[in-house]
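Tertiary structure, described
Chain by chain, the residues run as shown.
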Amino acid sequence: MTSARKTVEQIREARSTLDILFKQPGTVTVIHYSCEDFRMRNDGTTPRITSIAICNLENGQSKSFSIHHAAEIKRLPICEIPNKYDELELTMLDNFFRYVGQLQNSKWIHWNMRDSNFGFEAIEHRFRVLGGSPAVIPEAQRFDLPRLLSKIYGEKYIGDPKLKSLVTRNNLTNLDFIPGEDEPAMFAGGKYVQMHQSTLRKTVVIAEIARRAWRQELKTDNKWWSAYGISVKAWIETIYEHWVFKAVGIIIALFALYQIGRAIGVI
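Here the structure is a predicted model, which means the values were calculated and not measured. (Residues numbered from 1 in each chain as written. Predicted model: local features only at pLDDT ≥ 70, side-chain atom pairs only at ≥ 80, totals over all residues. Heavy atoms only, no water.)

A few words now on the sheet that holds strand β5 (residues 142-144). Ordered by their spatial adjacency, 5 strands build an open sheet running β3-β2-β1-β4-β5, and the pairing between neighbours is mixed. Sheet topology places β3 (62-66) and β5 at the edges, where each strand pairs with a single neighbour. Averaged over neighbouring strand pairs, the angle between their axes works out to 25° when direction is ignored. Sheet topology places strand β4 (residues 107-110) next to β5; 3 bridges connect them, and they run parallel. (Pairing = 2+ DSSP bridges. Helix = DSSP H or I, 4+ residues; strand = E, 2+ residues; numbered from the N terminus. Axes fitted to C-alpha atoms, helices over the stretch in contact; angles between N-to-C directions.)

Here it is, written out as structure tokens:
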């Protein structure tokens, strides 16, 4: 299979995945979370989690889990969170995984939550470290939106950071949106509420980006030729490689040789 045809197949596969997700949006959950900067954990320990937000793809109904909410229930002021972090984080994650257990058949859309630094595995591991037993979301039910977008629009479909750039490019509401690179300073400053609000906003943004991509309304930095040009090239290659086209080509070549033979008196 040629590279152009392979790319078209990837586009079709990614769009088919979006079709599956939006066929029953009520069974799809969008998730995002905020945490301590994992690049600063030089002692090898996993970064602490501050909040997790999820929303239903169909109705946008949101639910969140955060350490400052856990602290409020325990009547602890935010300034006391660092002294009780393990206890509060455990409570937050326990509530989260109890809720996950109720969504066993749900499909989960996420943004780069792929590994033990930042991802489902990181949340699960953090809960285990604190003594919990997480309800594991099967990998087959996880859908990384940036990977789908890269298949549809190409690797360089938008500038970095991609989530923030897509918000700007598509005129999405960025109220409470905090860029990922700014979150470490927010964490260090104890701005847990602001991080939580940003996490909630990002789930809404991710859901809307997925919806626009599914409707083929998402604006990117790619020109139309980036997608349609590949399709045209693949179409031409498909025709060229078809046995009928090759057979016709042989017939034409033989006819040309016959005409040349007659012209020079060989035939």
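Helix-helix packing is characterised by the crossing angle of the two axes and by the distance between the axes. It is the contact of helix α6 (residues 162-169) with helix α8 (residues 192-214), at a shortest axis distance of 11 Å, that shows an interaxial angle of 70°. It follows that α6 is roughly perpendicular to α8 by the angle criterion. In this structure, α6 meets α8 at a crossing whose hand is left-handed. For the pair α6 and α8, the contacting residues are Leu 163, Leu 166 and Val 167 in the first and Lys 202, Val 205, Ile 206 and Ile 209 in the second. Taken together, the residues of the contact of α6 with α8 break down into 6 nonpolar, no polar and 1 charged. (Parallel < 35°, antiparallel > 145°, perpendicular 65-115°, else oblique. Left-handed = near helix turned anticlockwise from the far one by under 90°. Contact = heavy atoms within 4.5 Å. Nonpolar A, V, L, I, M, F, W, Y, C, P; charged D, E, K, R; others polar.)

On to the side chain of Asn 56, then. With respect to the element layout, Asn 56 can be found in strand β2 (residues 49-56). At 2.9 Å, the side chain of Asn 56 forms a polar contact with the backbone nitrogen of Glu 58. Reaching out from Asn 56, the side chain makes a polar contact with the backbone nitrogen of Asn 59 at a distance of 3.2 Å. What Asn 56 contacts, discounting residues up to four positions off in sequence, is Pro 25, Gly 26, Val 28 and Gln 61. (Polar contact = N/O pair within 3.5 Å; in protein donor to acceptor, adjacent residues only side chain to side chain.)

On to the confidence of the model for the protein chain. In this model, the protein chain carries a mean pLDDT of 86, and residues with pLDDT of at least 70 account for 79%. This stretch, residues 228-232, has a pLDDT under 50; its non-local contacts, to residues over four places away or in other chains, come to 6 contacts. (pLDDT = per-residue confidence, 0-100.)

So, about the packing of aromatic side chains. Going through the model one piece at a time under the given rule, you end up with 10 aromatic pairs. Between Phe 96 and Phe 97, the ring centres sit 4.9 Å apart and the planes meet at 65°, which makes this aromatic pair edge-to-face. Cluster of aromatic residues (ring-pair linked, three or more members): Phe 65, Phe 96, Phe 97, Tyr 99 and Phe 127. Over the ring of Phe 177 we find Lys 202, and its NZ or CZ is 5.1 Å from the ring centre. (Phe/Tyr/Trp six-rings, centres within 6.5 Å; stacked < 30°, edge-to-face > 60°. Lys NZ or Arg CZ within 6 Å of the ring centre and 35° of its normal.)

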